[in-house]
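# Notes for the structure review
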Amino acid sequence: MWGTATAAHQVEGGNWNNDWWAWEHAPGSPCAEPSGDACDHYHRYPDDLALLAGLGFGSYRFSVEWSRIEPEDGEFSDAALDHYVRMAEGCREAGMEPVVTLHHFTSPRWVAGRGGWAEPETAERFARFTARVAARMGGRVDRYCTLNEPNIVATMGYLVGIFPPGERDPAQRDRAIGVFADAHRRAVAAIRRESNAAVGLTLALPEWEAVDGGEEMLEALRAPDEDPIFEATVGDDYVGVQSYSRNRVGPSGPLGPPDGAEVTLMGYEFRPEALEAAVRRAHAATGLPVLVTENGVAVADDARRIEFVRRALEGVLR
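The following paragraphs examine the structure supplied in this document.

Let us look at the pairing of strand E4 (residues 143–148). Counting buried positions along E4 gives six out of six residues, so the element sits mostly inside the fold. When strand E3 (residues 97–103) meets E4, the two strands line up parallel, connected through four bridges. Bridge pairing in E4 links His103 to Leu147.

The next thing to look at is the pattern of salt bridges. Enumeration according to the criterion identifies 33 salt bridges in this entry. Note that Arg61 is salt-bridged to Glu294, the shortest N-O span being 3.1 Å. Of this pair, Arg61 sits in strand E2 (residues 59–63) while Glu294 is found in strand E10 (residues 290–294), placing the two residues 233 residues apart along the sequence. Arg61 gets classed as buried once you look at its relative accessible area, which sits at 4%.

Next up on the list: the side chain of Asn18. Residue placement: Asn18 occurs in the loop between helix H1 (8–11) and helix H2 (19–25). Discounting chain neighbours no more than four positions away, the residues touching Asn18 are His9, Glu65, Ser67, Thr106, Ser107, Pro108 and Arg109.

Turning to the packing of helix H5 (residues 78–93) against helix H7 (residues 121–137), a few remarks are in order. Where H5 meets H7, the closest approach of the two axes is 10 Å, and the angle between their N-to-C directions is 55 degrees. Comparing the axis directions of H5 and H7 gives the class oblique. At the point where H5 passes H7, the crossing takes the right-handed sense. Listed contacts from H7 to Asp78, Leu81, Asp82, Tyr84, Val85 and Ala88 of H5 are Arg132, Val133, Arg136 and Met137. Taken together, the residues that form the contact of H5 with H7 break down as six nonpolar, no polar and four charged.

By the definition in use, this model includes twelve aromatic pairs. Ring centres of Phe105 and Phe163 lie 5.4 Å apart, and the angle between their planes is 55 degrees; on these two criteria the pair is classed as tilted. Within this pair, whereas Phe105 is found in the loop between E3 and helix H6 (109–113), its partner Phe163 is found in the loop between helix H8 (150–160) and helix H9 (170–194), the two being separated by 58 residues in sequence. Aromatic ring contacts, followed pair by pair, group Trp66, Trp110, Trp117, Phe126, Phe129 and Phe180 into a single cluster. Over the ring of Tyr42 we find Arg68, and its NZ or CZ is 3.8 Å from the ring centre.

For Val309, the location among the structural elements is in helix H12 (residues 302–317). On the basis of relative accessibility, which here comes to 31%, the residue Val309 falls in the partly exposed class. Separated by 74 residues in sequence, Val309 and Gly235 have C-alpha atoms that sit 31 Å apart.

The residue Glu97 is located in strand E3 in this model. The residues touching Glu97, leaving out its near neighbours within four places in the chain, are Met1, Gly58, Ser59, Tyr60, Asp142 and Arg143.

Turning next to a nonpolar patch on the surface. A surface patch of nonpolar side chains, amounting to about 400 Å² of accessible area, comprises Trp2, Val292, Val309, Leu313 and Val316. Take the nonpolar patch: its biggest share by element is three residues, from H12. Along the chain, the position of Val292 falls in strand E10.

Read across the sheet, seven strands follow the order E1-E2-E3-E4-E5-E7-E10 without closing on themselves; strand pairing throughout is parallel. The open sheet has two free edges, formed respectively by strand E1 (3–5) and E10, since each of these has just one partner strand. Going from strand to strand, the sheet's axes swing by 30 degrees on average, the running direction of each strand aside. Along the sheet face, H9 touches E3, E4 and strand E5 (198–204) and points at about 160 degrees away from the line of E4.

A few words now on the sheet that holds strand E8 (residues 246–250). The strands making up a sheet associate through hydrogen bonds between their backbones, and the pairing can be parallel or antiparallel. Pairing in this open sheet of three strands is mixed, and the strands run E6-E8-E9 from one edge to the other. The strands lining the two open edges of the sheet, one partner per strand, are strand E6 (207–210) and strand E9 (253–255). Adjacent strand axes in the sheet meet at a mean angle of 35 degrees when their direction is disregarded. Relative to E9, E8 is paired through three bridges, and the arrangement is antiparallel. Looking at E9, one finds that Arg248 is bridged to Leu255. Relative to E6, helix H10 (residues 215–232) is tilted by about 155 degrees, and along the sheet it contacts E6, E8 and E9.

Analysis parameters
- Think of each chain on its own: its residues are numbered from 1, step by step along the sequence as written.
- Predicted model: local features are reported for residues with pLDDT of at least 70 only, side-chain atom pairs are reported and counted for 80 or more only, and whole-chain, interface and lining totals are derived from all residues.
- Here the side-chain values reflect all heavy atoms present in the structure, with hydrogen atoms and water set aside.
- For the exposure calls, accessible area comes from a 1.4 Å probe over protein chains only, and a residue counts as buried if that area is under 20% of its type's maximum, exposed if over 50%, partly exposed in between.
- Helix numbering and strand numbering both begin at the N terminus, where a helix is a DSSP run of H or I of at least 4 residues and a strand a DSSP run of E of at least 2.
- What makes two strands pair is DSSP finding at least two bridges between them.
- A pairing counts as a salt bridge when a side-chain nitrogen of Lys or Arg comes within 4 Å of a carboxyl oxygen of Asp or Glu.
- Here a residue-residue contact requires only that any non-hydrogen atoms of the pair lie within 4.5 Å.
- Note on definitions: angles span 0 to 180 degrees between N-to-C directions of axes, and those axes are lines fitted to C-alpha atoms, for helices only across the stretch in contact.
- For classification, angles of less than 35 degrees are called roughly parallel, those exceeding 145 degrees roughly antiparallel, those between 65 and 115 degrees roughly perpendicular, and all remaining angles oblique.
- Note: crossing handedness is left-handed where the near helix turns anticlockwise from the far helix by less than a right angle, and right-handed where it turns clockwise.
- Gly falls in the polar group here, along with every residue not listed as nonpolar (Ala, Val, Leu, Ile, Met, Phe, Trp, Tyr, Cys, Pro) or charged (Asp, Glu, Lys, Arg).
- Ring pairs are drawn from Phe, Tyr and Trp, using the six-membered ring of Trp, whenever the two centres fall within 6.5 Å, and their geometry is named by plane angle: stacked under 30 degrees, edge-to-face over 60, tilted for the rest.
- In this analysis the charged atom, NZ for Lys or CZ for Arg, is taken to sit over a ring once it is within 6 Å of the ring centre and within 35 degrees of the ring normal.
- For patch building, the residue pool is restricted to those with more than 30% relative accessible area and no salt bridge; the joining distance is 9 Å between like charges and 5 Å between nonpolar side chains (Val, Leu, Ile, Met, Phe, Trp, Tyr).
- In these tables, accessible area is a Shrake-Rupley quantity obtained with a 1.4 Å probe, and a residue counts as shielded only by the protein chains included in the view.

From the geometry alone we can't say anything about function, so treat these as descriptive.
This is the structure in structure tokens:
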């Protein structure tokens with residue numbers, strides 16, 4: 001299966017009712033600019049699906065926007081649900097499998113206002129939302145992704161402070177990871193009550209490398225970020241791997257790329273071999289079939305992009 005992926009907030013435009021829109025517009029926001037209309041995928045999706053099909057893709061992973069579907073607690077929008085049903089049907093008509101992600105970074109403002117992912121009740125609220133989506137989609141979707149990179153949302157939002165809600169508290173990060181794990185299990189059960197679709201989640205999985213005796217520090221950084229989510233995948237149909245580069249760790253903490261290494265436009269190391277390492281670790285940790293749900297590189301030179309994809313796929317073949 002050869003596909004591509006988007007997140008609703010990246011492409012739809014006008015998602016003003018979620019925590020990321022509020023984050024983009026807050027004083028002192030780390031975001032360079034607000035998302036605004038984005039590329040208006042919400043209205044232009046028929047043209048976009050035709051472009052994807054014309055490029056030869058066999059699947060399209062897109063996310064449904066929780067804040068559109070449930071704009072207030074317990075208040076569901078039939079119009080929004082029908083929109084995403086039409087997207088799934090459009091994929092089918094174009095010869096592509098729709099892969100539906102239920103949470104790709106953004107949460108409704110009302111969820112954030114009640115504690116977000118550090119609040120245990122969010123897991124049940126997410127499961128209720130999931131059940132409503134799965135029931136409306138019916139048999140149109142064969143594969144769901146419950147959560148996109150929950151380890152990133154928890155770490156960046158509650159430990160590093162560069163995602164909403166902008167906290168820097170290790171205990172809150174650990175709490176959020178636990179809520180995400182609970183939310184996933186509840187969501188899997190909700191989907192299986194409504195359909196026969198395959199269910200999994202995606203994890204951000206860099207290649208990890210210990211440098212000059214950094215093994216203990218590496219494990220201290222990696223384990224709380226990944227292990228609770230790996231444990232929550234027991235019984236799933238697949239695990240999604242999202243890998244872009246590697247994390248080098250010394251005894252005192254994270255290190256940058258090696259001296260002289262090629263770096264991308266985002267500042268991380270050009271390291272296509274990271275994907276092979278991530279796939280191997282995901283399978284070793286879960287025993288599940290693996291989907292590469294994200295991989296790629298931020299470069300201006302297409303020759304380097306081709307080189308990256310070729311080497312990454314060679315790793316997948318191995």
